[in-house]
Amino acid sequence: QVQLVESGGGLVQPGGSLRLSCAASGRFFSISVMGWYRQAPGKQRELVALISSGGSTNYADSVKGRSTISRDNAKNTVYLQMNSLKPEATAVYYCNVVFLNPIGTDHNYWGQGTQVTVSS
């Protein structure tokens, strides 16, 4: 069984910064892609950023240049550093991790979500 625990959300002023963390625990064979998604009230959940096992990254256009996704494989943790935050970044942020098993199939898990509010 696997658990994903998120932390780092909170209230920040426009232009401020936050770093979100998501740590995986439990038993698993290996981790493939790790990513962050967000969902604002009344809106669809959308991709923020992804990072592959090899370190390749992808970002939504809305966060390019202002956010950085990274991972610490020794800690089974993925991070999202967000700078120059705008009010439109307000949402619940969810981490997502794709785990692989020994037969090559994948299993997708979501974190519990952490609230990010950007407001003055």
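Residues numbered from 1 in each chain as written. Predicted model: local features only at pLDDT ≥ 70, side-chain atom pairs only at ≥ 80, totals over all residues. Heavy atoms only, no water.

### Quick notes on empty space enclosed by the protein
The final tally for this structure, using the stated rule, is 1 cavity of 30 Å³ or more. Taken as a whole, the largest cavity holds about 40 Å³ of empty space. Along its surface, the largest cavity is lined by Arg-38, Val-63, Arg-66, Ser-67, Met-82, Leu-85, Ala-89 and Tyr-93. Its residues placed into classes, the lining of the largest cavity shows 5 nonpolar, 1 polar and 2 charged. (1 Å grid on protein atoms, 1.4 Å probe; cavity = no way out; pocket = protein on both sides within 12 Å on 5 of 7 lines; lining within 4 Å. Points joined across faces, edges and corners; volume = space filled by probe spheres on them. Nonpolar A, V, L, I, M, F, W, Y, C, P; charged D, E, K, R; others polar.)

### Digging into the packing of aromatic side chains
As enumerated under the stated definition, the model contains 4 aromatic pairs in all. Both rings, one in Tyr-94 and one in Trp-110, keep their centres 6.5 Å apart while their planes meet at 90 degrees; by these two values the pair is edge-to-face. In this pair, Tyr-94 is assigned in strand E9 (residues 91-100) and Trp-110 in strand E10 (residues 106-110), connecting sequence segments 16 residues apart. For Tyr-94, a relative accessible area of 16% corresponds to the buried category. Through a chain of ring-to-ring contacts, the aromatic side chains of Phe-28, Phe-99 and Tyr-109 assemble into a single cluster. (Phe/Tyr/Trp six-rings, centres within 6.5 Å; stacked < 30°, edge-to-face > 60°. Helix = DSSP H or I, 4+ residues; strand = E, 2+ residues; numbered from the N terminus. Buried < 20%, exposed > 50% of the residue type's maximum accessible area, 1.4 Å probe, protein only.)

The values are spatial; any link to function lies outside them.
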